Amino acid sequence: MKRTNILQAQPDTYKAMSALETYVSSTEITPIHKELIKLRASQINGCAYCLDMHSKDARKLGETEQRIYTLSAWRETPFFDEKEQAILALTEEVTLINKGGVSDDTYNKAVEVLGDKYVGQVIMAIITINAWNRIAIGLHFQPPLHK
């Protein structure tokens, strides 16, 4: 069954989401950090549409296939630096907020490594991609097939 086209049915809500995305784009978060956030949250949420889009975006920024392929097992690799590890841990806990929230350890480590301002920006980026994931999954967005 075809789902609602949110662009047509609810243009004001789409504009609001786009405003959040514009805010995230204007932050100090590095482009690679933004894509890691988007990819990891989308993996957790099972959003094929966003995974397809953001893996392409990450590659365009120079992200390696190896890091993209191992992102879901980032703790088991030496491929991610201390800042990225703090961002990924925070991404997981905010995305899985129903599993006990964001621990003091994760939050404090993120602030120690990234600083208060960057952590606030990262949290907003996590919230934004989680909202996009819910829109894409809820409305059955499908990634295009590339041959």
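This report concerns the structure included in the present document. (Residues numbered from 1 in each chain as written. Predicted model: local features only at pLDDT ≥ 70, side-chain atom pairs only at ≥ 80, totals over all residues. Heavy atoms only, no water.)

This part takes up the overall build of the protein. Along the backbone of the protein there are 8 helices and 0 strands. Taken over C-alpha atoms, the radius of gyration comes to 15 Å for the protein, in line with the 15 Å a tight globule of 147 residues would show. In terms of principal-axis extent, the alpha carbons of the protein reach across some 45 × 35 × 30 Å. Once local pairs closer than 6 in sequence are excluded, the contacts in the protein between residues at least 24 apart make up 68%. For the protein, the accessible surface area stands at approximately 8,500 Å², while carbon and sulfur atoms represent 56% of it. (Helix = DSSP H or I, 4+ residues; strand = E, 2+ residues; numbered from the N terminus. Rg over C-alpha atoms; globule rule 2.2 N^0.38 Å. Contact = heavy atoms within 4.5 Å. Areas by Shrake-Rupley, 256 points an atom, 1.4 Å probe, with all protein chains shown as cover.)

The next thing to look at is unusual backbone geometry. Positive phi, close to 60 degrees, is recorded for His-140, a residue that is not glycine. Tracing the backbone shows His-140 in the segment after helix 8 (116–138). Its relative accessible area of 44% is what places His-140 among the partly exposed residues. (Buried < 20%, exposed > 50% of the residue type's maximum accessible area, 1.4 Å probe, protein only.)

Turning to the packing of aromatic side chains, a few remarks are in order. Scanning the model with the defined rule gives 2 aromatic pairs in all. Both rings, one in Tyr-14 and one in Trp-132, keep their centres 5.6 Å apart while their planes meet at 65 degrees; by these two values the pair is edge-to-face. Linking Tyr-14 in helix 2 (residues 11–26) with Trp-132 in helix 8, this pair joins segments that are 118 residues apart in sequence. Residue classification places Tyr-14 among the partly exposed positions, given a relative accessible area of 30%. (Phe/Tyr/Trp six-rings, centres within 6.5 Å; stacked < 30°, edge-to-face > 60°.)

The next subject is the nonpolar core. Ranked by size, the top nonpolar core spans 24 residues in total, and within it Ile-37, Leu-90, Leu-114 and Val-122 carry the most contacts. Those elements that provide at least two residues to this core are helix 2, helix 3 (31–45), helix 6 (82–95), helix 7 (104–114) and helix 8. Setting aside anything within four residues of it in sequence, one finds Leu-90 in contact with Val-102, Thr-106, Ala-110, Val-119, Val-122, Ile-123 and Ile-126. Within the second largest apolar cluster, 9 residues are counted, among which are Leu-36, Leu-71, Phe-80 and Leu-88. (Core = buried A, V, L, I, M, F, W, Y, C linked by side-chain atoms within 4.5 Å.)

A separate point is the state of the cysteines. Any covalent bond linking the sulfur atoms of two cysteines counts as a disulfide. All chains considered together, the criterion is met by 0 disulfides. The closest cysteine sulfur to the non-disulfide-bonded Cys-47 is located on Cys-50, 3.4 Å from its own sulfur. Residue class for Cys-50 comes out buried when judged on its relative accessible area of 4%. (Disulfide = S-S within 2.5 Å.)

This part covers the packing of helix 4 (residues 48–60) against helix 8. Contact geometry of helix 4 with helix 8 gives a least axis separation of 8 Å together with a crossing angle of 125 degrees. With respect to helix 8, the axis of helix 4 lies oblique. Within the contact between the two elements, helix 4 uses Tyr-49, Cys-50 and His-54 and helix 8 uses Ile-129, Trp-132, Asn-133 and Ala-136. When grouped by side-chain class, the residues that make up the contact of helix 4 with helix 8 number 5 nonpolar, 2 polar and no charged. (Axes fitted to C-alpha atoms, helices over the stretch in contact; angles between N-to-C directions. Parallel < 35°, antiparallel > 145°, perpendicular 65-115°, else oblique. Nonpolar A, V, L, I, M, F, W, Y, C, P; charged D, E, K, R; others polar.)

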